[in-house]
Amino acid sequence: MIPDMILFILLAIVAVTSALGMLLSRSAVYSALNLVLNFGTVAVLYLLLGAPFIALAQITVYAGAIMVLFLFVIMLLGVEQLRKGSALPWQQTLAIISGLLLLALTAYVIFIRPMTLPQVSPTQLGFGTPGAIGEILFNKYLLPFEVTSVLLLVAMIGAIVLTGKREPKTKT
Amino acid sequence: MEYGLILEWIIKAVLMLLILLIGFAYTTYLERKVLARMQVRYGPNRAGPKGLLQPVADGVKLIFKEELIPAKADKLLFILAPVITVLPALTILAVVPFGGTVNLFGREITLSIAGDLNVGILYLTAVTSITVYGMVLAGWASNNKYAMMGGIRATAQVISYELALGLAFIGPILLASSMSVNEIVNAQGRMGWFFIYQPIGFIIFLIATLAEINRVPFDMPEAEQELVAGYHTEYSGMKFALFMMTEYIKMIVVAVLAATFFLGGYLGPFVDQVPWLGPVYLFIKVFILVFGIIWVRATWPRFRYDRLMAFGWKIMLPLAVLNVLLTGAFIILFPGVIR
């Protein structure tokens, strides 16, 4: 139990620090790298919770594909240095207020109305394996799964239509 | 936790690193010799008999070279980038079995670090997907336009070919009905090597891995006629050596993966009776594949960049999807084949 706790605390420190670094860094590249580190730490947390599939999918999809594309765009557009001050001044106040609200809500739930989570039964321990996830995904949650894939397809077609070359209209 | 087990893991990990490092050194020698033969030259022949000590001489030279850091470079990332590049290449083979179970000093030892991992293939895709960071960061941190172009090209290329590569993995997964690399090798022992069932998948795998490791004819990120040396233009000394090391280790790694998924891994005649033959068979298969990669380099010119992208998205990806479809249909139509 104690080694688990030490590991968890170390991971939590890295996760929170990298999240803060991502928010506070003035360089877009360092922000992106902090986010990659954060994704990696969260993946290890998933592993500790006995969900290897989601952990490795997290690294492949988020750290491996999405963040690489982010870095690609940042470098291609040459927007490594953020300008001083925000473009939307009211955004900062709003963010502080909503952040404080979330903090207050969490504190209320944890300290004033403590809830106990149901204990995980030993038979459920294999829930994170690829086989178990596939079985649930293609039987119980087939419809949501298919709907999500259609949604992604629509987004993809939308991106292609928006960026596609248009024929010049002067030809007629 | 048993201390013997931890010791076993440490010994295996150190052995793996040593094998990859020695493999790196002598793959460079092999490449130079084979290229020289194919171009009617001698190749390295001064250091030691037949030039066999050439890799050692190169290593010593690179250690004593001066290390330059450009004045306007991003120092932290410039130093970190070679390390980020080499780590995935060194860790990726952890899930690949090098042989069956052997009896050593009265202990049953499996010849792999984590071969039975039930998410083995996902581990492989996760590690291959983060290999590109080192190249991109090296290109960006150097603050040099050629290095930057190399980094950007590397990103676009690796992302494009990763899709086809990921889909090529699905064929062996379906046939073995498991994501564990060990299980995939065992299934090939029962039903025959998978390249018989997966000819398209095997070819897609070979092409996509060549593109992933930036070898000729897909070496756009470091095309010397256009980009000096691409993302490692500004690097020298040991940092440069780390990039070279990654390239050659990746060559070995993709050869091991291709052999494991499509050519039966460590399987071969009499491997059941004499388990120590496993690594030998794997070595032979890997040697042939590495020789093939070098042969390709000596033979084919480089792709043009737009053709490379068009080939990846318009030919490789649809073919890989078709291969998955065909494999699925095959398994449903001939359920007796799956054993």
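Since this is a predicted model, take the numbers as computed values, not measurements. (Residues numbered from 1 in each chain as written. Chains lettered and ligands numbered in written order. Predicted model: local features only at pLDDT ≥ 70, side-chain atom pairs only at ≥ 80, totals over all residues. Heavy atoms only, no water.)

Quick look at the overall build of chain A
Cut-off, in case you're wondering: In this description a helix means any DSSP run of H or I spanning at least four residues, a strand means any run of E spanning at least two, and both kinds are numbered starting from the N terminus. Under the scheme applied here, a residue whose accessible area is under 20% of the maximum for its type counts as buried, over 50% as exposed, and between as partly exposed, the area being computed with a 1.4 Å probe on protein chains only. Only heavy atoms matter for contacts: two residues are in contact if any of them lie within 4.5 Å across the pair. The Shrake-Rupley method, run with a 1.4 Å probe, gives the accessible areas here. Residue values count only the displayed protein chains as cover.
In terms of regular secondary structure, chain A is built from 6 helices and 0 strands. Helices and strands in chain A line up, N terminus first, as α-α-α-α-α-α. Across the 172 residues in chain A, those meeting the buried criterion constitute 21%. Pairs at least 24 residues apart make up 59% of the contacts formed inside chain A by residues separated by at least 6 positions. For chain A, the accessible surface area stands at approximately 13400 Å², while carbon and sulfur atoms represent 76% of it.

Considerations on the interface of chain B and chain A
To be explicit about the condition: Defined in terms of a 1.4 Å probe, buried area is the accessible area two parts forfeit on being brought together, summed over both. Note on definitions: salt bridges are taken to be side-chain nitrogens of Lys or Arg within 4 Å of carboxyl oxygens of Asp or Glu. Ten residue types, Ala, Val, Leu, Ile, Met, Phe, Trp, Tyr, Cys and Pro, are classed as nonpolar, four, Asp, Glu, Lys and Arg, as charged, and the remainder, Gly among them, as polar.
With 22 residues of chain B in contact, the opposing surface of chain A contributes 23 residues. Counting each side, the surface lost to burial between chain B and chain A is near 1900 Å², with a carbon and sulfur contribution of 81%. The largest share of the area that chain B buries against chain A comes from B:Tyr133, B:Trp140 and B:Ile152, three residues that together contribute 29% of it. Run the count over chain B and chain A and you get 0 salt bridges. For the side of chain B that touches chain A, the elements supplying multiple residues, two or more each, are helix 3 (75-91), helix 4 (120-129), helix 5 (132-141) and helix 6 (145-176) of chain B. Considering only residue class, the side of chain B that touches chain A consists of 17 nonpolar, 4 polar and 1 charged.

Overview of the pattern of salt bridges
All names here are of chain B. A complete count under the given rule lists 6 salt bridges over all chains for this structure. Linking Arg-190 and Glu-183 is a salt bridge whose minimum nitrogen-to-oxygen distance equals 3.3 Å. Arg-190 sits in the partly exposed class, given a relative accessible area of 39%. A salt bridge links Arg-304 to Asp-306; its shortest N-O distance comes to 2.9 Å.

Remarks on the packing of aromatic side chains
Residue and element names in this part refer to chain B. Just so we agree on the cut-off: Only centres within 6.5 Å qualify two rings of Phe, Tyr or Trp (six-membered ring in Trp) as a pair; their planes then separate them into stacked at under 30 degrees, edge-to-face at over 60, and tilted for everything else. Sitting over a ring, as applied to charges here, requires NZ of Lys or CZ of Arg to be within 6 Å of the ring centre and within 35 degrees of the ring normal.
Overall, the coordinates contain 18 aromatic pairs over all chains when judged by the stated rule. Note on Tyr-26 and Tyr-29: the rings are 6.0 Å apart at their centroids and 65° apart in plane angle, and the pair reads as edge-to-face. You can see Tyr-26 and its partner Tyr-29 sitting in helix 1 (residues 3-38), 3 residues apart, about one turn around the helix. Judged by its relative accessible area of 12%, Tyr-29 falls in the buried class. Among the aromatic side chains, those forming a connected cluster through ring pairs are Phe-169, Phe-195, Phe-202, Phe-205, Phe-261 and Phe-262. Over the ring of Tyr-305 we find Arg-153; its NZ or CZ atom is 5.2 Å from the centre of that ring.

Digging into helix 6 of chain B
All names here are of chain B. Our working rule: Multiplying one less than the number of residues by 1.5 Å gives the expected span of a helix. What is called the bend at a residue is the angle between a pair of axes, fitted to the seven residues leading up to and ending at it and to the seven starting from it. In protein, a polar contact requires one atom able to donate a hydrogen and another able to accept it; more generally it is a pair of N or O atoms within 3.5 Å, and residues adjacent in sequence count only if both atoms are side-chain atoms.
An ideal rise of 1.5 Å per residue puts 46 Å on 32 residues; helix 6 measures up with 47 Å between its terminal C-alpha atoms. The sharpest bend along helix 6 reaches about 30° and sits at Glu-162. Within helix 6, 24 of the 32 residues are buried, leaving the element largely enclosed by the surrounding structure. The N-cap of helix 6, judged by a side-chain oxygen 2.7 Å from the amide nitrogen of Tyr-146 a few residues on, is Asn-144. Ser-177, located one to two residues past helix 6, shows a positive phi value of around 40°.

Quick look at the environment of B:Gly278
Residue and element names in this part refer to chain B. Tracing the backbone shows Gly-278 in helix 12 (residues 277-299). Separated by 53 residues in the primary sequence, Gly-278 and Ile-331 place their C-alpha atoms 29 Å from one another. Residues contacting Gly-278, with those up to four places away along its chain left out, are Phe-98, Gly-99, Tyr-266 and Val-271.

Overview of the domain arrangement of chain A
Residue and element names in this part refer to chain A. Inclusion rule: Source of the domain bounds: an automatic or database domain assignment.
For chain A, the domain assignment lists domain 1 (1-80) and domain 2 (126-164). The C-alpha-based centres of domain 1 and domain 2 are spaced at 23 Å. Taken together, the contacts link 5 residues of domain 1 with 4 residues of domain 2. Summed over both sides, the interface between domain 1 and domain 2 buries roughly 330 Å², with carbon and sulfur atoms accounting for 79% of that surface. Here domain 1 is connected to domain 2 by 0 salt bridges. Each residue belonging to the side of domain 1 that touches domain 2 can be placed in one class, and the counts come to 4 nonpolar, 1 polar and no charged.

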